[in-house]
Amino acid sequence: MSYSVPKIAGEQDTIVGRSEDHLWSRWEVFVRPRGGVTHVYSESVHAPDAETALLNARDTYLRRVEGVSLWVIPEGAISRWDEHQELPRSAAGQDASPRPLWEAFIRHRRGAQFLHAGSIVAVDARDAIARARDAFLTKTDGVAIWVAPSASIVAADPAEAEMLFEPFADKGYRQATYYDIPEEVGYM
Amino acid sequence: MDPEERFHEIIAADEKVEPGDWMPEGYRQTLIRQIAQHAHSEVIGMQPEGNWITRAPTLKRKAILMAKVQDEAGHGLYLYSAAETLGVSRDELVRLLHEGRQKYSSIFNYPTLTWADIGAIGWLVDGAAITNQVALTRTSYGPYSRAMVRICKEESFHQRQGYEIMMVLARGSEEQRAMAQDALDRFWWPSLMMFGPHDSESTHSDQSMRWKIKPVSNDDLRQQFVDATVPQAEYLGLTIPDPDLRWNAERGHYDFGEIDWDEFWRVVKGHGPMNRERMAHKIEAWENGAWVREAAVAHAVKRSAARSA
């Protein structure tokens, strides 16, 4: 549903400042759709812990049969780069410190959703962004990159996939095509 | 490039503005206001329909209605999530609603008196919402546009289940037909009001259209809705309660009567049939749920402490 509610004569707009007070923290959600080759960013949920985040993500973003895999990442684990920032330099060959694994997500053009591009090893978040740029982007494409330590990703247990994703399969009434609407009344 | 220049370039090129981009504070405020109202409407919109879950005529209808009300909750969450990309927390938006500093659509301040109202809401209220939301998929703010795409995919189910309820009643007994007609009589005008004041009266519209937040005007959307809905009412054999409604071959559109703007403003100002009940119920549910939200946090803290011990 939608529409905007108009102002009453003389009513002042409520000016909304910045706020980040959450009782439940924010988790970014990624879904691999049925038949899809990669995880796609699906906005966020709030949850007190990872387990609840997965359940909330399932209930919010997978109410119809469309997902086969689900990831949640705590908001704070993600480092973000976009076109307005200078691209960090890769720390290549600078030292021998241990290099953890990172997952990279790319928005290829404005309006598009972030897609999981792949994994890389890097010394830190800046290095991961630089390496993701080199590994997954051509010169012209990609307007934003997110990276997160692979260890920060919480994935739905494949053994629980049936419990998580299948209950919706036999609820055909959630689909528009379930309802027989005569053609002469127009598209609905 | 100067970030302000870049913003105008993005708007001019019909590209999407994304969360990291510089944007005028007015653009941000307009979006927060609109997305929050939209989110609040989805959430408050669960009440009139939830009212009939326990009294749905069959188990099948009950399952459908539960799925639909669950969708409305989901739509609210998509929208709060989109609003949060503008640097405002969901908790803050809920607070602003409860304090009466943000609003929700007036349509939910009308009661659902009979089962036919559930049909009329799906057909007309969701129909009007879809008309608006399909247009909004083209809005200039990326996260809002993507939330609209997601919602539109699901709304088609909502409208079709509603129209199917109306079809069954319209083909039913005399009493059932009368019930369907009564629901149409009560929901027709409030549905037209969902599109807001005339373009000439709408204070927010101009700047919103320049920023391409709102791609189609109130009056144009309302006309689209009337044109699509009249044949649907005719098919049902029901009469739209507007003596001035007629096809205008010259314009290629239906002409229709004037909305009762006094009623419109009365409800916006809080004096509709259900304004007080809706807010009281919303606040009560929020307060009754506080212990659950807090207990979940306490549980998470305790468990993570046990793990690291």
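Position numbers for residues start from 1 in each chain and track the written sequence from start to end. Throughout, the order in which chains and ligands are written sets their labels, letters from A for the former and numbers from 1 for the latter. Local features in this predicted model are restricted to residues of pLDDT 70 or higher, and side-chain atom pairs are both shown and tallied only at a pLDDT of 80 or more, whereas totals for entire chains, interfaces and linings draw on every residue. Calculated side-chain values reflect all of the structure's heavy atoms, with hydrogen atoms and water omitted.

Colleague: Could you clarify how one ought to interpret the overall build of chain A in this entry?
Modeller: Going along the chain from the N terminus, every DSSP run of H or I of four or more residues is numbered as a helix, and every run of E of two or more is numbered as a strand. Per the secondary structure count, chain A includes three helices and eight strands. For chain A, the C-alpha radius of gyration of 21 Å lies well beyond 16 Å, the compact-globule estimate for 188 residues. Dimensions of chain A, computed from the C-alpha atoms along their principal axes, are close to 70 × 55 × 40 Å. A simple rule labels every residue: compare its accessible area, found with a 1.4 Å probe on the protein chains alone, to the largest value its type can have, and call it buried under 20%, exposed over 50%, or partly exposed in between. For chain A, with 188 residues in total, the buried portion stands at 49%. Residue contacts follow a heavy-atom distance rule, with two residues in contact if any of their heavy atoms lie within 4.5 Å. A sequence separation of at least 24 residues applies to 60% of the contacts in chain A between residues at least 6 apart. Summing over all exposed atoms, chain A offers an accessible surface of approximately 9,300 Å²; the carbon and sulfur share of this is 52%. Only four residue types enter the charge count, namely Lys and Arg as positive and Asp and Glu as negative; His and the chain termini do not. The atom standing in for a charge is NZ when the residue is Lys, CZ when it is Arg, CG when it is Asp and CD when it is Glu. Side-chain charges of chain A comprise 20 positive and 28 negative groups, with the mean position of each set lying 6 Å from the other. Based on C-alpha atoms, the radius of gyration is set beside the globule rule, defined as 2.2 Å times the residue count to the power 0.38. All accessibility values rest on the Shrake-Rupley procedure with a 1.4 Å probe; residue burial counts only the protein chains present in the view.

Colleague: What exactly am I supposed to notice about unusual backbone geometry here?
Modeller: Peptide bonds are mostly trans, and most non-glycine residues show a negative phi. Phi is positive for E43 of chain A, close to 65 degrees, though the residue is something other than glycine. By the element assignment, E43 of chain A lies in strand β2 (residues 40-47). Backbone geometry at D14 of chain B places phi at a positive 60 degrees, although glycine is not the residue there. Tracing the backbone shows D14 of chain B in the loop between α1 (3-12) and α2 (25-44). Judged by its relative accessible area of 56%, D14 of chain B is exposed.

Colleague: Looking at this model, I keep getting lost on the side chain of D117 of chain B. Mind explaining?
Modeller: All names here are of chain B. Relative to the helices and strands, D117 resides in helix α6 (residues 115-136). For D117, a relative accessible area of 0% translates into the label buried. If we skip the residues at most four places from it in the chain, D117 touches P111, T112, A183, R186 and F187.

Colleague: Would you explain the interface of chain A and chain B in this entry?
Modeller: By convention, interface size is frequently given as the accessible area that disappears when the constituent parts associate. Listed as interface residues are 54 residues of chain A and, on the opposing side, 86 residues of chain B. Reported buried area values correspond to the accessible surface (1.4 Å probe) lost by two parts on association, with both partners' losses combined. Taking both sides of the interface into account, the surface hidden between chain A and chain B amounts to around 6,300 Å²; carbon and sulfur atoms contribute 53%. A carboxyl oxygen of Asp or Glu within 4 Å of a side-chain nitrogen of Lys or Arg is what we treat as a salt bridge. For the pair chain A and chain B, the interface holds twelve salt bridges. The partner of D49 of chain A in a salt bridge is R303 of chain B, and the shortest N-O contact between them spans 3.4 Å.

Colleague: What is the right way to read the side chain of S44 of chain A from this model?
Modeller: Secondary-structure assignment places S44 of chain A in strand β2. Side chain to side chain, S44 of chain A and S81 of chain B meet in a polar contact 3.0 Å long. Among all residues touching S44 of chain A, those that are not within four sequence positions of it are R26, W27, E28, V29 and Y61 of chain A together with S81 and E84 of chain B. Here a polar contact is taken to be a pair of N or O atoms separated by no more than 3.5 Å, where protein atoms must pair a possible hydrogen donor with a possible acceptor and residues adjacent in sequence count only if both atoms sit in side chains.

Colleague: Sorry, what's going on with the pattern of salt bridges here?
Modeller: Where side chains of opposite charge bring their charged atoms close, a pairing between them can arise. Overall, the coordinates contain 33 salt bridges over all chains when judged by the stated rule. The partner of E92 of chain B in a salt bridge is R95 of chain B, and the shortest N-O contact between them spans 2.7 Å. With E92 of chain B and R95 of chain B both in helix α5 (residues 90-98), this residue pair falls three residues apart, about one helical turn. The class of E92 of chain B is buried, set by a relative accessible area of 18%. Its relative accessible area of 34% is what places R95 of chain B among the partly exposed residues. Several salt bridges share partner residues, and in doing so they unite R26, E28, E75 and R80 of chain A together with E84 of chain B into one network.

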